[in-house]
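Architecture at a glance
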Amino acid sequence: MLGTDFILGSPNWLDLGSPDTDAAAAFYSAVLGWQFESAGPEAGGYGFFQIEGKTVAALGPLSEEGARSAWMVHFKTEDIQGTVSAVTAGGGRVRTQPMDVMGEGWLAQATDPQGAEFALWQPGRTAGLGLTSEPGALLWVELHVPDPVAGIGFYQGLFGWRSQDMQTPGMTYRVLSVKDGEQQAASFGGAAPMSDGANGGVEQPRWVPYFHATDVDATVTAATANGGSVLMPAADVPDVGRISWLADPFGAVFALLKPDPRM
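The structure displayed is predicted, hence computed values, not measured ones.

Considering the overall build of the protein chain
When helices and strands are counted, the protein chain shows 5 helices and 16 strands. Its C-alpha atoms give the protein chain a radius of gyration of 17 Å, near enough to 18 Å, the size a compact globule of 263 residues would have. With the C-alpha coordinates of the protein chain rotated into their principal frame, the extents come out at 45 × 45 × 35 Å. Here the protein chain holds 263 residues, and the buried ones make up 49% of them. Relative to all contacts within the protein chain whose residues are 6 or more apart in sequence, the contacts with residues 24 or more apart total 57%. Per element, the accessible surface of the protein chain, about 11600 Å² overall, is 51% carbon and sulfur.

Below, the structure written as structure tokens:
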């Protein structure tokens, strides 16, 4: 699972673009217990979701023309210019060129060759999220693309990730790990093939964040009571835990996971 000792290729930041940041903040506060703290008037409406003062995600208005509300997973790079060049060389597209974010770090946004959007973060004063893998926080990220093997190959060219096949009913799931360290301990996410009509018929290439839920069913109930929708009902996955896929009131997709204690 994720930690906060971020190394090359680690998911180190996560933010939500929303057409209504006040309503989005209220939704996630009710569902996941987050508090929202504005980054100040100079930040253009951007701010931080926190648990007991530690940042677990961020929120801002939609900034790209035609963009839909979505969660954006950021990956750590130590050379953002070099990584941006590798994105292009690998067949991806750079949507926003590297920019200095007020000394906190360098940001760029990209799209992989199969259409999944992601971002890059080269730390400055801000290394990344302040809390991961604890209740309410990010603990896993998952890539859904038509060809997971090709998708993993693209990101290996950026970060040197490793992968390990795991057989599950009906498909091969691929567990992703950063370049260094014992492979299982260095895992942070997975890759799975998209299915036609899966997850309520809205499946598309994307990165999906999973948040740690101590009670998945109660969290699903809270989400629907506050205007969210269920894309995949709560279900137990052997050796993984209990999961569910949801969308917030503006269509941003996220997932819940109560990990199997043996993980």
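Don't stop here, the text continues.
Examining the pattern of salt bridges
Scanning the model with the defined rule gives 5 salt bridges in all. Ionic pairing is found between Asp 236 and Arg 242, a salt bridge with its closest N-O pair at 3.2 Å. Classification of Asp 236 as exposed rests on a relative accessible area of 58%. Overall, the relative accessible area of 22% leaves Arg 242 in the partly exposed class.

Regarding helix α3 (residues 148–159)
Structurally, the α-helix is built with 3.6 residues per turn, so residues lying three or four positions apart point the same way. Along its 12 residues, α3 runs 16 Å from first to last C-alpha, staying within 8% of the 16 Å computed at 1.5 Å per residue. Within α3, the full set of buried residues consists of Pro 148, Gly 151, Ile 152, Phe 154, Tyr 155, Leu 158 and Phe 159. On an axial view of α3, the arc spanned by its buried residues comes to 155 degrees, and they lie on one face. Near the N-terminus of α3, the side chain that reaches the backbone nitrogen of Val 149, with its oxygen 3.2 Å away, is that of Asp 147. Two residues or fewer after α3 comes Gly 160, characterised by a positive phi angle close to 75 degrees.

Thoughts on the nonpolar core
By size, the foremost hydrophobic cluster in this structure holds 58 residues, and its most contacted members are Tyr 28, Trp 34, Phe 49, Trp 71, Phe 118, Tyr 155 and Trp 207. With 6 residues, the top contributor of residues to this core is helix α1 (residues 21–32). Among all residues touching Tyr 28, those that are not within four sequence positions of it are Leu 16, Gly 33, Trp 34, Phe 49, Trp 71, Asp 248, Ala 252 and Phe 254. With 14 residues, the next largest nonpolar core counts Tyr 173, Ala 247, Val 253 and Ala 255 among its residues.

Some details on helix α5 (residues 216–225)
For α5, every residue scored as buried is listed here: Val 216, Thr 219, Val 220 and Ala 223. Seen from one end, α5 has its buried residues packed into an arc of 105 degrees, which puts them on one side. In α5, those exposed residues whose orientation departs by more than 90 degrees from the buried face are Thr 221 and Ala 225. Residues of α5 that are buried sit in contact with α1, β14 (229–237), β15 (241–247) and β16 (253–259).

Quick look at the pairing of β14
Alignment of β14 against β15, held across 6 bridges, turns out to be antiparallel. Bridge pairing in β15 links Ala 235 to Ile 243.

With respect to the sheet that holds β15
By way of backbone hydrogen bonds, the strands of a sheet pair with one another, either parallel or antiparallel. The 8 strands are arranged β10-β11-β12-β9-β13-β16-β15-β14 in an open sheet whose pairing can be described as mixed. Lying at the two open borders of the sheet, with one neighbouring strand each, are β10 (162–168) and β14. For this sheet, the mean inter-axis angle between neighbouring strands, taken without regard to orientation, is 25 degrees. This element, α5, spans β14, β15 and β16 of the sheet and lies at about 10 degrees to β15.

Some remarks on the confidence of the model for the protein chain
In this model, the protein chain carries a mean pLDDT of 94, and residues with pLDDT of at least 70 account for 97%. Scored below 50 in pLDDT, residues 197–202 makes 6 contacts in the model with residues more than four places away or belonging to other chains.

Thoughts on the pairing of strand β9 (residues 138–145)
Among the 8 residues in β9, 8 count as buried, and that is most of the element. Note: β9 against strand β13 (residues 206–212), 6 bridges, orientation antiparallel. The residue of β13 that forms the bridge with Leu 143 is Trp 207. The sheet contact formed by β9 and strand β12 (residues 187–193) spans 5 bridges and is parallel. From the neighbouring strand, Glu 142 faces β12, where its bridge partner is Gly 190.

Reading guide: rules and limits
Residues numbered from 1 in each chain as written. Predicted model: local features only at pLDDT ≥ 70, side-chain atom pairs only at ≥ 80, totals over all residues. Heavy atoms only, no water. Helix = DSSP H or I, 4+ residues; strand = E, 2+ residues; numbered from the N terminus. Rg over C-alpha atoms; globule rule 2.2 N^0.38 Å. Buried < 20%, exposed > 50% of the residue type's maximum accessible area, 1.4 Å probe, protein only. Contact = heavy atoms within 4.5 Å. Areas by Shrake-Rupley, 256 points an atom, 1.4 Å probe, with all protein chains shown as cover. Salt bridge = Lys/Arg side-chain N within 4 Å of Asp/Glu carboxyl O. Expected span 1.5 Å × (residues − 1). Arc of directions from axis to C-beta. Polar contact = N/O pair within 3.5 Å; in protein donor to acceptor, adjacent residues only side chain to side chain. Core = buried A, V, L, I, M, F, W, Y, C linked by side-chain atoms within 4.5 Å. Pairing = 2+ DSSP bridges. Axes fitted to C-alpha atoms, helices over the stretch in contact; angles between N-to-C directions. pLDDT = per-residue confidence, 0-100.

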